[in-house]
Amino acid sequence: MALALLGAYCWLVLDAWRGFKLLQWLRVGDTASTPLSSGLWGEAFERVRKLVRTRDRALVESDGRLQDFLAAMQASPNGVVLLDADGRIEWFNQTAAAHFGFVAQRDLLQHFGNLVRDPGFASYFATRDFRTDVVMPGRAHSSTKPVKLSVQLHPYGEGRSLLLSRDITAVEQAEAMRRDFVANVSHEIRTPLTVLAGFVETLQSLPLDAQERQRYLSLMAQQADRMQTLVSDLLMLSRLEGSPLPPVQEWVPVKVLMGQCQQEAHDLSMVLWKDAQLISFAVDEGYEIAGSMAELHSAMFNLIGNAIRYTPPDKSIQVRWRQMPDGSAVFSVEDHGTGIAPEHLPRLTERFYRVDRSRSRETGGTGLGLAIVKHVTQRHGAELGIASTPGAGSTFSITFPASRVRRMAQAVLSDTSVTVA
Ligand code: ADP
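All values derive from a computational prediction rather than experimental measurement.

> Explain the pattern of salt bridges to me, please; I cannot follow it from the model alone.
Opposite charge on two side chains makes pairing possible when the charged atoms of those side chains draw close. Inspection of every chain in the model, using the stated rule, returns 19 salt bridges. With a shortest N-O distance of 3.0 Å, Glu46 and Arg49 are connected by a salt bridge. Here Glu46 and its partner Arg49 are both found in helix H2 (residues 39–75), 3 residues apart, which amounts to about one turn of the helix. Given the relative accessible area of 27%, Glu46 is considered partly exposed. In this structure, Arg88 and Asp86 form a salt bridge, with 3.3 Å as the shortest nitrogen-oxygen distance. Taking relative accessible area as the criterion, Arg88 reaches 32% and is therefore assigned partly exposed. Classification of Asp86 by relative accessible area gives partly exposed; the value is 46%.

> How should I be thinking about the packing of aromatic side chains in this particular structure?
Any pair of aromatic rings gets described here by the distance separating the centres and the angle formed by the planes. The final tally for this structure, using the stated rule, is 11 aromatic pairs. Centroid distance Phe92 to Phe102: 5.3 Å. Interplanar angle 55 degrees. Geometry classified as tilted. In this pair, Phe92 sits in strand E2 (residues 89–92) while Phe102 sits in the loop between helix H3 (94–100) and helix H4 (104–107), placing the two residues 10 residues apart along the sequence. Of the two residues, Phe92 and Phe102, both sit in the buried class.

> Hey, could you run me through the packing of helix H9 (residues 254–273) against helix H10 (residues 293–309) in this one?
Two elements in contact, H9 and H10, have axes whose closest approach is 10 Å; the angle formed by their N-to-C orientations is 35 degrees. In terms of crossing hand, the pair formed by H9 and H10 is right-handed. Of H10, the residues touching H9 (which contributes Val256, Leu257, Met258, Gln260, Cys261, Glu264, Ala265, Leu268, Ser269, Leu272 and Trp273) are Met293, Leu296, His297, Met300, Phe301, Ile304, Gly305, Ile308 and Arg309. For the contact of H9 with H10, the residue count by class is 14 nonpolar, 4 polar and 2 charged.

> I keep staring at the site of the ligand and nothing clicks. Help me out?
Taken together, 21 residues form the shell around the ligand, and within it Asn306, Tyr310, Ser360, Gly367 and Leu370 come nearest. At 2.8 Å, a side-chain N or O of Asn306 approaches an oxygen atom of the ligand. Between the ligand and the protein, one listed contact pairs an oxygen atom with a side-chain N or O atom of Ser360 at 2.6 Å. Taken by itself the ligand offers 530 Å² of open surface, and the protein chains cover 98% of this. Where the shell around the ligand is concerned, the elements lending two or more residues are H10, helix H12 (369–379) and strand E12 (393–400). It is H10 that provides the largest number of residues to the shell around the ligand, a total of 3 residues. Grouping the constituent residues of the shell around the ligand by class yields 9 nonpolar, 8 polar and 4 charged.

Quick notes on the rules
Residues numbered from 1 in each chain as written. Predicted model: local features only at pLDDT ≥ 70, side-chain atom pairs only at ≥ 80, totals over all residues. Heavy atoms only, no water. Salt bridge = Lys/Arg side-chain N within 4 Å of Asp/Glu carboxyl O. Helix = DSSP H or I, 4+ residues; strand = E, 2+ residues; numbered from the N terminus. Buried < 20%, exposed > 50% of the residue type's maximum accessible area, 1.4 Å probe, protein only. Phe/Tyr/Trp six-rings, centres within 6.5 Å; stacked < 30°, edge-to-face > 60°. Axes fitted to C-alpha atoms, helices over the stretch in contact; angles between N-to-C directions. Left-handed = near helix turned anticlockwise from the far one by under 90°. Contact = heavy atoms within 4.5 Å. Nonpolar A, V, L, I, M, F, W, Y, C, P; charged D, E, K, R; others polar. Near = heavy atom within 4 Å. Polar contact = N/O pair within 3.5 Å; in protein donor to acceptor, adjacent residues only side chain to side chain. Areas by Shrake-Rupley, 256 points an atom, 1.4 Å probe, with all protein chains shown as cover.

Written as structure tokens, this is what we have:
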């Protein structure tokens with residue numbers, strides 16, 4: 001009996017020891033091995049070990065998925081902010097940080113409305129109608145450099161919301177430019193049209209003699225020409241914006257381009273100034289340029305035409321084509337005309353931007369010439385340079401990269417000796 005009691009006591013002590021071991025092992029959490037491998041306790045250890053390992057693996061996997069998901073949200077070009085039911089910030093990505101000027105250590109768990117105090121957003125948040133977005137200035141917004149954000153809240157879960165922000169500065173600017181452009185075109189067309197309609201009315205209502213009729217008709221022709229030039233410049237611009245880049249395998253002889261320009265320069269100067277201007281052409285012989293003949297001609301003649309129009313008849317103009325030692329080439333037009341004040345220079349290539357509106361109109365300008373030049377230049381991988389001194393004159397230049405300029409083959413060259421007038 002005493003022996004049986006002693007045996008039971010030993011068994012209990014051993015069991016308590018095993019239980020103690022199990023607890024100790026669970027506390028350490030080492031699932032690589034178990035302290036006991038045999039018997040009932042051994043099996044219990046093994047089963048617990050498997051359960052713990054499966055749970056650990058599931059935890060690692062779900063943490064990995066969460067990290068992947070957060071990395072994807074970080075990579076989003078849109079700002080992403082997660083807000084809790086009270087509107088406090090739980091998480092945001094880098095784009096949102098840049099949009100709103102957030103700093104993680106400082107701003108997490110802060111109320112979004114306390115950090116972003118735009119009145120437009122405040123009333124959007126208060127009305128709780130999140131079907132559309134709200135447009136507000138971004139953190140980096142200033143009067144000289146506007147930044148516009150489109151912000152929308154998307155409710156989810158129990159009172160939580162996902163806030164998405166998108167930088168729409170470029171879209172807004174493009175839209176404003178489109179509106180301005182349409183307004184400008186309408187205005188530019190309406191002016192000659194009004195004049196034309198006035199002349200038609202005069203011709204219809206007044207008994208004019210033949211000479212007067214002739215005078216009115218030639219004034220009408222001038223207005224019609226003006227509209228035609230405007231429409232053809234607009235078409236040129238839209239072709240430049242919508243067509244594929246000019247070919248790199250089509251070579252245009254510089255001499256041919258310059259020859260055409262020289263003839264047209266003479267004609268224009270004749271019309272405007274009775275050919276009293278001295279226009280000289282200095283062209284390096286025998287080179288070709290890769291690109292579109294029509295576009296290159298349009299850009300070059302626009303610069304020459306401007307020089308003729310903004311230079312008084314007693315002053316000279318020099319047109320040059322020079323090869324540079326590095327293989328690039330510079331086409332330049334230097335005039336000694338009115339010149340342009342420095343504050344206008346950055347805006348000259350904007351459509352319809354004019355320094356002297358009436359001078360431009362009087363001489364048949366559309367305000368689109370330099371916009372065309374800029375497009376053609378960019379499309380040919382070239383660079384437009386403008387240097388000007390008010391009262392002294394201007395030099396407009398286009399620098400073509402070496403890859404677009406080559407010397408003509410000898411056989412062709414012998415046929416095209418250059419003219420320097
Ligand atoms: P426009 O048809 O009015 O000449 P452009 O786009 O060709 O339009 O030129 C824009 C403006 O730049 C002109 O209105 C004019 O004020 C100025 N400009 C261009 N070229 C010259 C120049 N060679 N000398 C002085 N001003 C010029």
